[in-house]
Amino acid sequence: MKFYNIKFANENFEIIPFGAIFWPNEEILIVSDLHLEKGSSYYQRGTFLPPYDTFDTINRLEEIIKQTYPKKVLLLGDTMHDKNGLLRMPNKMKEKFFSLLEKWSFVLISGNHDEEFKGYDLKLFPSFKIRKITFRHQSSFDETTEISGHFHPVINTKFKGIRIRTPCFLVTENKNILVIGLGSMGLWDSKIANTHRV
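This section reports on the structure supplied with the text. (Residues numbered from 1 in each chain as written. Predicted model: local features only at pLDDT ≥ 70, side-chain atom pairs only at ≥ 80, totals over all residues. Heavy atoms only, no water.)

Thoughts on the nonpolar core
Soluble globular proteins tend to bury their nonpolar side chains together.
Line of reasoning, step 1. Leu-29, Leu-61, Ile-65, Met-89, Phe-97 and Phe-106 are the most contacted members of the largest nonpolar core, which has 26 residues in total.
Line of reasoning, step 2. Going through the elements one at a time, strand S3 (20-23), strand S4 (28-31), helix H2 (53-68), strand S5 (72-75), helix H4 (91-103) and strand S6 (106-108) are the ones with two or more residues in this core.
Line of reasoning, step 3. Sorting elements by how many residues they give to this core places H4 first, with five residues.
Line of reasoning, step 4. Beyond its immediate chain neighbours, meaning those up to four positions away, Phe-106 contacts Leu-61, Ile-65, Val-73, Leu-75, Leu-100 and Leu-101.
Line of reasoning, step 5. With 21 residues, the next largest nonpolar core counts Phe-8, Val-107, Val-171 and Leu-178 among its residues. (Core = buried A, V, L, I, M, F, W, Y, C linked by side-chain atoms within 4.5 Å. Buried < 20%, exposed > 50% of the residue type's maximum accessible area, 1.4 Å probe, protein only. Helix = DSSP H or I, 4+ residues; strand = E, 2+ residues; numbered from the N terminus. Contact = heavy atoms within 4.5 Å.)

Remarks on the sheet that holds S6
Line of reasoning, step 1. Pairing is mixed in the open sheet, where six strands are placed in the order S1-S2-S3-S4-S5-S6. Either end of the sheet is taken by a strand with one partner, and the two such strands are strand S1 (4-8) and S6. The sheet shows a mean angle of 25° between the axes of neighbouring strands, direction not considered.
Line of reasoning, step 2. Examined bridge by bridge, S1 and strand S2 (residues 11-16) share five bridges and lie antiparallel to one another. Across the sheet, Asn-5 pairs through a bridge with Glu-14, a residue of S2. (Pairing = 2+ DSSP bridges. Axes fitted to C-alpha atoms, helices over the stretch in contact; angles between N-to-C directions.)

Details of H2
Line of reasoning, step 1. Here H2 contains 16 residues, and its C-alpha end-to-end distance of 22 Å stays within 8% of the 22 Å for a straight helix at 1.5 Å per residue.
Line of reasoning, step 2. Burial in H2 covers these residues: Thr-54, Thr-57, Ile-58, Leu-61, Ile-64, Ile-65 and Thr-68. Viewed end-on, H2 has its buried residues packed into an arc of 125°, placing them on one side of the element.
Line of reasoning, step 3. Tyr-69 sits one or two positions beyond H2 and adopts a positive phi of about 45°. (Expected span 1.5 Å × (residues − 1). Arc of directions from axis to C-beta.)

With respect to H4
Line of reasoning, step 1. Along its 13 residues, H4 runs 18 Å from first to last C-alpha, staying within 8% of the 18 Å computed at 1.5 Å per residue.
Line of reasoning, step 2. Here H4 has its buried residues at Met-93, Lys-94, Phe-97, Phe-98, Leu-100 and Leu-101. Taken around the axis of H4, the buried residues stretch over an arc of 150°, which confines them to a single face. In H4, the exposed residues that point more than 90 degrees away from the buried face are Asn-91, Lys-92, Glu-95, Glu-102 and Lys-103.
Line of reasoning, step 3. Taken together, the buried residues of H4 touch H2, helix H3 (85-88) and S6.

Describing the side chain of His-137
Line of reasoning, step 1. Positionally, His-137 belongs in the loop between strand S8 (133-136) and strand S9 (146-148).
Line of reasoning, step 2. Of the residues examined, His-137 reaches a relative accessible area of 5% and is grouped as buried.
Line of reasoning, step 3. A distance of 3.1 Å separates a polar atom in the side chain of His-137 from a polar atom in the side chain of His-150.
Line of reasoning, step 4. Apart from residues lying up to four places away in sequence, His-137 is in contact with Ser-32, Asp-33, Leu-76, Gly-77, Asp-78, Ile-109, Ser-110, Gly-111, Asn-112, Ser-148, Gly-149 and His-150. (Polar contact = N/O pair within 3.5 Å; in protein donor to acceptor, adjacent residues only side chain to side chain.)

Comments concerning the side chain of Thr-68
Line of reasoning, step 1. As for its placement among the helices and strands, Thr-68 is situated in helix H2.
Line of reasoning, step 2. Here Thr-68 falls in the buried class, since its relative accessible area comes to 10%.
Line of reasoning, step 3. Within the structure, the side chain of Thr-68 is placed 2.9 Å from the backbone oxygen of Ile-64, a separation counted as a polar contact.

Regarding the packing of aromatic side chains
Line of reasoning, step 1. A complete count under the given rule lists six aromatic pairs for this structure.
Line of reasoning, step 2. Aromatic side chains Phe-125 and Phe-128 sit 6.0 Å apart centroid to centroid with 70° between the ring planes, which places their arrangement in the edge-to-face category.
Line of reasoning, step 3. For Phe-125, a relative accessible area of 26% puts it in the partly exposed group.
Line of reasoning, step 4. Ring-pair connections join several aromatic residues into one group, and the members of that group are Phe-8, Phe-13, Trp-23 and Phe-135. (Phe/Tyr/Trp six-rings, centres within 6.5 Å; stacked < 30°, edge-to-face > 60°.)

A word on the pattern of salt bridges
Line of reasoning, step 1. One pass over the structure, following the stated rule, counts eight salt bridges.
Line of reasoning, step 2. With a closest N to O distance of 3.4 Å, Lys-71 and Glu-27 form a salt bridge. In this pair, Lys-71 sits in the loop between H2 and S5 while Glu-27 sits in the loop between S3 and S4, placing the two residues 44 residues apart along the sequence.
Line of reasoning, step 3. A salt bridge links Arg-88 to Asp-82, with the shortest nitrogen-to-oxygen separation between them at 3.0 Å. (Salt bridge = Lys/Arg side-chain N within 4 Å of Asp/Glu carboxyl O.)

In structure tokens:
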């Protein structure tokens, strides 16, 4: 799989087409906003969504881990769509999820959807810092150098007359906001105002 290389905070990162970031020098995989069990959460409120989101997302996460073989995996919050997500998750997927947590070194950061995992004692961090980069769920408004999620950035553009709206990464001098989940994505670099990649 071909990765797109970017420079952020004087470090080299690789953007993975499914919406994750890999930090080669530290061998760290960074993912945000998986929203596992979103479909079942909507179903409980009377809105039917196809119930395959957790299956697809966990399998895709496993695939990316196998490709990058990280020393550490950072999940930047909203790993579950709500605090009861693990209780609703099918046993087969739950076993696979916990198997990944046990096999690889995960750091789970809390988000606004999953400030706790009901029924499970999983440690959640409000933020995590490596070198001068702070990893958290929601970007702050100060000058802290951060990689975060939460805002689900998108880009609207036209290609050969066709309007395209797609999830993207948002990158500024000191902020890097990840795409939601592990879907297809593009890149918007605010330092190059007329450049986008889809």
